[in-house]
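An overview of the molecular structure
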Amino acid sequence: MQEDCIFCKIVAGEIPSRTVYEDDNVFAFLDVNPLAPGHTLVIPKEHYERVAELPAELSASVFSAVSSLTPRIESAVDADATTIGINNGPEAGQEVPHVHAHIIPRFEGDGGGPIHAVAGDEPLLSDEEMDKIESTIRG
Ligand code: 5GP
Ligand code: ZN
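In what follows, the accompanying structure is described. These numbers were taken from a predicted model, which means no experiment stands behind them.

1. Overview of the packing of aromatic side chains
Following the criterion strictly, the structure yields two aromatic pairs and no others. A centroid spacing of 5.3 Å and a plane angle of 80° characterise the contact between phenylalanine 7 and phenylalanine 29, whose relative ring orientation is edge-to-face. A residue pair is termed long-range when its members are at least 10 positions apart, and phenylalanine 7 in helix 1 (residues 6-11) and phenylalanine 29 in strand 2 (residues 26-30) qualify at 22 residues. By relative accessible area, which is 6% here, phenylalanine 7 ends up buried.

Structure below.
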């Protein structure tokens, strides 16, 4: 447990939450400031700041919980769809430095946007630049 981490305190029961799922490794609860009814956060119980820090098995457990919770959330609030996302680092909007996946119920005509709306201006990249990025990531 990380001192001063709100989500570690929620896992420990020191801060109350509306808990919708819990197992040995994963905890899920309703966001206190929901963007839609049923807005849920799914977190590893152990404190990690960014996605890449999670041990592979724990990543799998978190995603497995996201996967099984999503249809239950959709049916609980009669949603048409869900946006599932992670703000991975403060520059991406992460305010709580404990990995958490957002499950946000979506409704036809809700006025929201797609994941494509989260980044800034779209870059104009040449084929060469795209090739270089491809090979750098592949390593
Ligand atoms: P982030 O911007 O870090 O991806 O999202 C953090 C989320 O945690 C926000 O949507 C915020 O409403 C939620 N949150 C922050 N503090 C608490 C809390 O004490 N309890 C609950 N349930 N949600 C919280
Ligand atoms: Zn934490």
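Continuing now.
2. Regarding the sheet that holds strand 5 (residues 101-106)
The strand order across the open sheet formed by five strands is 1-2-3-5-4, and the pairing between neighbours is antiparallel. What marks the edges here is a single partner per strand, and that holds for strand 1 (19-22) and strand 4 (81-85). Taking each pair of neighbouring strands and ignoring which way they run, the sheet shows an average axis angle of 20°. In terms of strand pairing, strand 2 meets strand 3 (residues 40-44) through five bridges, oriented antiparallel. Paired with valine 26 across the bridge in strand 3 is proline 44.

3. Quick notes on the coordination of the zinc ion (ligand 2)
Protein-derived coordination of the zinc ion (ligand 2) comes from Cys5 (SG), Cys8 (SG), His47 (ND1) and His98 (ND1), at a distance range of 2.0 to 2.3 Å. Of note is the zinc ion (ligand 2), whose four donor atoms meet at the metal with angles of 106 to 116° in an arrangement that counts as tetrahedral. Going along the chain, you hit the donors of the zinc ion (ligand 2) in the pattern C-x2-C-x38-H-x50-H. In this pair, cysteine 8 sits in helix 1 while histidine 47 sits in the loop between strand 3 and helix 2 (56-77), placing the two residues 39 residues apart along the sequence. Cysteine 8 gets classed as buried once you look at its relative accessible area, which sits at 4%. In this structure histidine 47 comes out as buried when scored by relative accessible area, which is 17%.

About the criteria used
Residues numbered from 1 in each chain as written. Chains lettered and ligands numbered in written order. Predicted model: local features only at pLDDT ≥ 70, side-chain atom pairs only at ≥ 80, totals over all residues. Heavy atoms only, no water. Phe/Tyr/Trp six-rings, centres within 6.5 Å; stacked < 30°, edge-to-face > 60°. Helix = DSSP H or I, 4+ residues; strand = E, 2+ residues; numbered from the N terminus. Buried < 20%, exposed > 50% of the residue type's maximum accessible area, 1.4 Å probe, protein only. Pairing = 2+ DSSP bridges. Axes fitted to C-alpha atoms, helices over the stretch in contact; angles between N-to-C directions. Donors = N, O, S within 2.8 Å, 3.2 Å for Na, K, Ca; no water. Tetrahedral: all angles 85-135°; square planar, octahedral: opposite > 155°, others 65-115°.

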